[in-house]
Amino acid sequence: MKKITKIFFCIMIIAGGLYFVNTYYDNVITQQIEGLFTPPVETTVKIHSAQTDKAPTIAQQVYNQLTDDEKKAFDNIYDALSKCQQSTVIYSNIETERIFDIVELVAAQHPEIFWWNGNCSVSAGSILRFDYTYSREEVDKINNEITEKAKEILEQIDPQGDDFEKSLAIFDYIILSTSYNNDAIGHIEKYPQSSTIEGVFLHNSAICSGYAKAYQYLLNMAGVDCIYVSGTAQTPNGTDGHAWILQEVGGFYYYTDPTWGDSYEASGNNDFISHTYFCTTSDEINKTHTCDEECYKTFVTANDCNSYFKRKNLQFEQYDFNNIKSVVKNEFKDNHIGIEIKFETQEEYNTAIKELFVNEDIYYILLSTDLLSKNIDTATLSYNNDDTHNVIAIVYSKKT
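Residues numbered from 1 in each chain as written. Predicted model: local features only at pLDDT ≥ 70, side-chain atom pairs only at ≥ 80, totals over all residues. Heavy atoms only, no water.

Caption draft 1: Seen up close, the overall build of the protein. Helix and strand counts for the protein stand at 15 helices and 13 strands. Burial statistics for the protein: of 400 residues in total, 48% are counted as buried. Contacts in the protein between residues at least 24 apart in sequence constitute 66% of all its contacts with a sequence separation of at least 6. (Helix = DSSP H or I, 4+ residues; strand = E, 2+ residues; numbered from the N terminus. Buried < 20%, exposed > 50% of the residue type's maximum accessible area, 1.4 Å probe, protein only. Contact = heavy atoms within 4.5 Å.)

What follows is the structure in C-alpha cells.
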C-alpha cells in the first residue's frame, strides 16, 4: 500500500510540475501535444527539406547549409506553421535573430503557407509565437479555392514543354492576370492577402512577395526547381525591400522577378510584359538586386543559354537593320504589341538607340512589317531603354 501511495505521490508531483511549466510557457506544451494529432494543411505543393536519392533541389541545398540544431529548429517551425499552431519551442541555443532567419528560410520553401501573416516573436524560454490571418477552418476553405485555381492555370500550360517554356508561360500568366496593389505598401496589415499566393490567385492583386510566391507555387506544381528570395532592389525612388525567385532551367541557375515583369502596368501598357528579369544570370540580377541570405549567393550562373533573350533569339552582338526587321516581323505575327531586344555591348546598344529612334529606322521596320499600315498605329509608338542591361523595349499599338 505504501508503495502505491509513493507512486501516486510521484505522479502528482510530476503532473503538478508539468502544469506549472505549461502555465509558465502559456500552454505551449499543450499545444505541441495537440499538434502531434493535428494534420498539416493539405496543399497542392509539397516540398520536403530532407535529402533524397535524387540530386538535391535548391531548397535541400539551402537546408543542408544549416547546422544540426538549426535543422531541428527549421523542422519544428515548419511543423508548427503547417498545422497553424500558435507557438512552438526552439529546443536549441540559437540566437533570436538567427531564429528569425530560419523562419524566413522556412517561408522561402513553402509559398503554400498563405495563412501566416509574416509576424512572429520570441519570448522567454525560446518560445516562438506566430500570428495568423485566418482560423484553421478558414484556411481549409481558402486553400481548396487556391488549389482549384492553380490546377485550372496549369491546365493551360503545355505539359510537354521544357522548364523554360513552362516557366515563361507561368510568368506571363501571373503578370497579365495580376495588378500591383499600391495601397498595400506601408499598410500590409490591411491587405495581408497581397503578400501571399491568395492575392494573385483569388484577388488578382498583390505586392512583390505575392507575385514571387505565386510564381514559385506554380513552378513547384509544374516540377520546376525553385526557391523564394528576399532582399533589396534599386528603384528610381531608391533602395526598397523586394522579393524574387531563384530557379533552375536546363541544369543552370537563373533569377526571375515577376513583379518587375509587370513594370509597364504603371504607364498604362497592361498587356506588355517585360522579360528583362526572366531567367537572368547572377551578374545581371546583381546589378539591381541584393539578396538577404548569404546561402543564396552560392547559386551562381554565368551561362545565359537559357535566358529569355538568348532562347528567343532577341540578343544581338551588333546592330543590324535586317536582323531587327526580321525579329519584329516574327513577333508581330505572334500578335504581340511590342518587342524587347538586348545588345551584348554598351556601344552597340547606343548605336541601336541612335539608328532606331534618331534616324527613325524603327518606322521603316514597322512599315515593312505592316505594308498598308492597317494594323500598327505608329502614332502611339513608344520605347523604353534600359541602360543597365542594354535592353530596348519597343511598344506599338494595333489599330482597332
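Caption draft 2: Seen up close, the pattern of salt bridges. Under the defined criterion, the tally for this structure stands at eleven salt bridges. The salt bridge partner of E284 is K287, with a shortest N-O separation of 3.0 Å. Look at K287 and you get partly exposed, because its relative accessible area is 37%. We note a salt bridge from K342 to E284, for which the minimum N-O separation is 3.1 Å. Taken together, the positions of K342 in strand β11 (residues 338–343) and E284 in helix α11 (residues 282–285) put the pair 58 residues apart, joining distant regions of the chain. Across this residue pair, the class does not change: K342 and E284 are buried. Salt bridges here are not isolated pairs; linked through shared partners, they connect E70, R98 and D101. (Salt bridge = Lys/Arg side-chain N within 4 Å of Asp/Glu carboxyl O.)

Caption draft 3: Seen up close, the sheet that holds strand β7 (residues 238–249). Ordered by their spatial adjacency, four strands build an open sheet running β8-β7-β6-β9, and the pairing between neighbours is antiparallel. The open sheet is flanked by β8 (252–256) and β9 (289–291), the only strands paired with a single partner. This sheet shows a mean twist of 40° between the axes of neighbouring strands, independent of strand direction. Alignment of β7 against β8, held across five bridges, turns out to be antiparallel. (Pairing = 2+ DSSP bridges. Axes fitted to C-alpha atoms, helices over the stretch in contact; angles between N-to-C directions.)

Caption draft 4: Structural context of the sheet that holds strand β3 (residues 127–132). Strand order in the open sheet formed by three strands is β1-β3-β2, and the pairing between neighbours is antiparallel. Of all strands in the sheet, those with a lone pairing partner are β1 (87–89) and β2 (116–123), marking the two edges. Averaged over all neighbouring strand pairs, the angle between strand axes comes to 20°, with direction disregarded. Bridging between β1 and β3 involves three bridges; their strand directions are antiparallel.

Caption draft 5: How the structure looks around the packing of helix α14 (residues 346–358) against helix α15 (residues 361–369). Where α14 meets α15, the closest approach of the two axes is 4 Å, and the angle between their N-to-C directions is 65°. Here α14 lies roughly perpendicular to α15, going by the angle between them. Together, E355, L356 and F357 of α14 and D361, I362 and I365 of α15 make up the contact between the two elements. Here the residues of the contact of α14 with α15 are counted per class, giving four nonpolar, no polar and two charged. (Parallel < 35°, antiparallel > 145°, perpendicular 65-115°, else oblique. Nonpolar A, V, L, I, M, F, W, Y, C, P; charged D, E, K, R; others polar.)

Caption draft 6: Examining unusual backbone geometry more closely. With phi around 60°, C84 is a residue other than glycine that occupies positive phi space. Structurally, C84 is set in the loop between α4 (68–82) and β1. Residues other than glycine seldom take positive phi values, yet E360 does so here, at roughly 65°. Relative to the assigned elements, E360 resides in the loop between α14 and α15. By relative accessible area, E360 is classed as partly exposed at 41%.

Caption draft 7: The nonpolar core, seen in detail. Counting 105 residues, the largest nonpolar core has Y296, I341, L356 and I392 as its most contacted members. Not counting chain neighbours up to four residues away, the residues in contact with I341 comprise F309, L314, F316, I324, V327, L356, N390, V391 and I392. (Core = buried A, V, L, I, M, F, W, Y, C linked by side-chain atoms within 4.5 Å.)

Any functional reading would require information that these geometric values do not contain.
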